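Now for the letters of each chain:
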Amino acid sequence: MFALPDAATTAPHPLPPLATETIEILGAPLWAWQIAVAVTGVLVLVLLARTIWTPTPRSLRAWALGNVVVNAGIAVTGATVRVTSSGLGCSEWPRCTPESFVPVDTEHAALNAAIEFGNRTLTFLVLAVGFITLLAVLRSRPRRRDLTRLAVIIPFGVLGQGVVGGITVWTDLHPASVATHFLLSMVVTLLAVALYVRCQEPEGTPRVSVGPMLHALSVGLLVIGFLLLVAGTVVTGTGPHGGDAEAPRWDLALSAVTRVHSALAWLTLATAVLAAVVAVRGGARRPVRVSALALVAVVVLQGILGYTQYVLALPEGLVVLHVLGSTLTWIAICRLYFATTRLVPEGGELSDPDAVRGGERSPAEPAPGR
């Protein structure tokens, strides 16, 4: 995120040796173990999903949080595919090869095929969590339209990711399709955060619960944060980690796009710090203050990581951690935004001091903590 200009004076990234060897564990190929793990994971989720028939607020929150975790997680595993040049380890979609759904004779190194195939199988876990959450929301009483809308969109968004993933393979990892694949994950993650936050509130109409300045900052952070993600994908599409040594790249000056990415990162940090100051000094509700401070901490850590990967010439492991940091930054931005509004039942009113006086305590109100 905070990578300095010319960050990818790129390390050499040779084409992985073509091979048809199979990685075996206890006599079974690695891809078979991956399928077994994915199937086991889905079965475990189904067993846990017995709570969908009698969902409680606590179990519903847990499933909603699970959506946040798995959708963010698959974005990070996708980065692993990219930095290990495994993007074409399965050269077809929805099959892995023209003849097989599993990685057999892929003309890529067995490890590359296993990494790409493993990322594909994780999609079924993400889908399972999405559909289980949808069933739980539908079984809730009284059924809420707002939660139902979010719960319906999320699994279909995951299906959309799969389709875009197929287009990415068909275009030989064109950077535009790779960027779209990642950004769609972030949109689904935004919806998952919304579901997690809203299922903890009563059904009602969204009302701004902070002062206008703090709310405007939270909206601005959403815009800046998404632009930051877009700029990151442009840097990725220009830099060395394209998912395959033969993947097309954007013919852009890496130093220029890196400067744009870095400038947006600094703007994100400055806006986050301002939001935290306004939240703390204005006596905003505790969830708002915690969300704002957490965002500042995440952005600072992400910045340290960005400079570190610059100094070390973009090692693969740090690139994956950087994608994880980008995802956590986006989640923190979304959490702050949703914390600045609250659902108010029809005919109800906000009772918080920060809603009464634009984020500043009334002289008659006690200070937080007293």
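Data block above holds the structure.
Please read all numbers here as calculations on a predicted model, not as lab measurements. (Residues numbered from 1 in each chain as written. Predicted model: local features only at pLDDT ≥ 70, side-chain atom pairs only at ≥ 80, totals over all residues. Heavy atoms only, no water.)

Participant: Hey, could you go over the pattern of salt bridges for me, with residue numbers and the actual values?
Facilitator: All chains considered together, the criterion is met by three salt bridges. Here glutamate 116 and arginine 120 are joined by a salt bridge, their closest N and O atoms 2.9 Å apart. Note that glutamate 116 and arginine 120 are positioned in helix H3 (residues 110-139) at a spacing of four residues, about one turn of the helix. Taken individually, glutamate 116 and arginine 120 each receive the classification buried, so the pair is uniform in this respect. (Salt bridge = Lys/Arg side-chain N within 4 Å of Asp/Glu carboxyl O. Helix = DSSP H or I, 4+ residues; strand = E, 2+ residues; numbered from the N terminus. Buried < 20%, exposed > 50% of the residue type's maximum accessible area, 1.4 Å probe, protein only.)

Participant: An account of the packing of helix H2 (residues 57-83) against helix H4 (residues 145-170) is needed here, citing residue identities and associated values.
Facilitator: Put simply, H2 and H4 touch, their axes get as near as 12 Å, and they point 25 degrees apart. As the angle between them shows, H2 and H4 are arranged roughly parallel. The chirality of how H2 crosses H4 is left-handed. Two secondary-structure elements touch here, H2 through Leu60, Asn67, Asn71 and Ile74 and H4 through Leu147, Ile154, Val158 and Gln161. Of the residues belonging to the contact of H2 with H4, the class tally is five nonpolar, three polar and no charged. (Axes fitted to C-alpha atoms, helices over the stretch in contact; angles between N-to-C directions. Parallel < 35°, antiparallel > 145°, perpendicular 65-115°, else oblique. Left-handed = near helix turned anticlockwise from the far one by under 90°. Contact = heavy atoms within 4.5 Å. Nonpolar A, V, L, I, M, F, W, Y, C, P; charged D, E, K, R; others polar.)

Participant: Describe H3, listing the residues and the values that go with them.
Facilitator: With 30 residues, H3 should reach 44 Å at 1.5 Å per residue; the first-to-last C-alpha distance of 44 Å fits that figure. Counted residue by residue, H3 has 21 buried out of 30 residues, so it is predominantly covered. (Expected span 1.5 Å × (residues − 1).)

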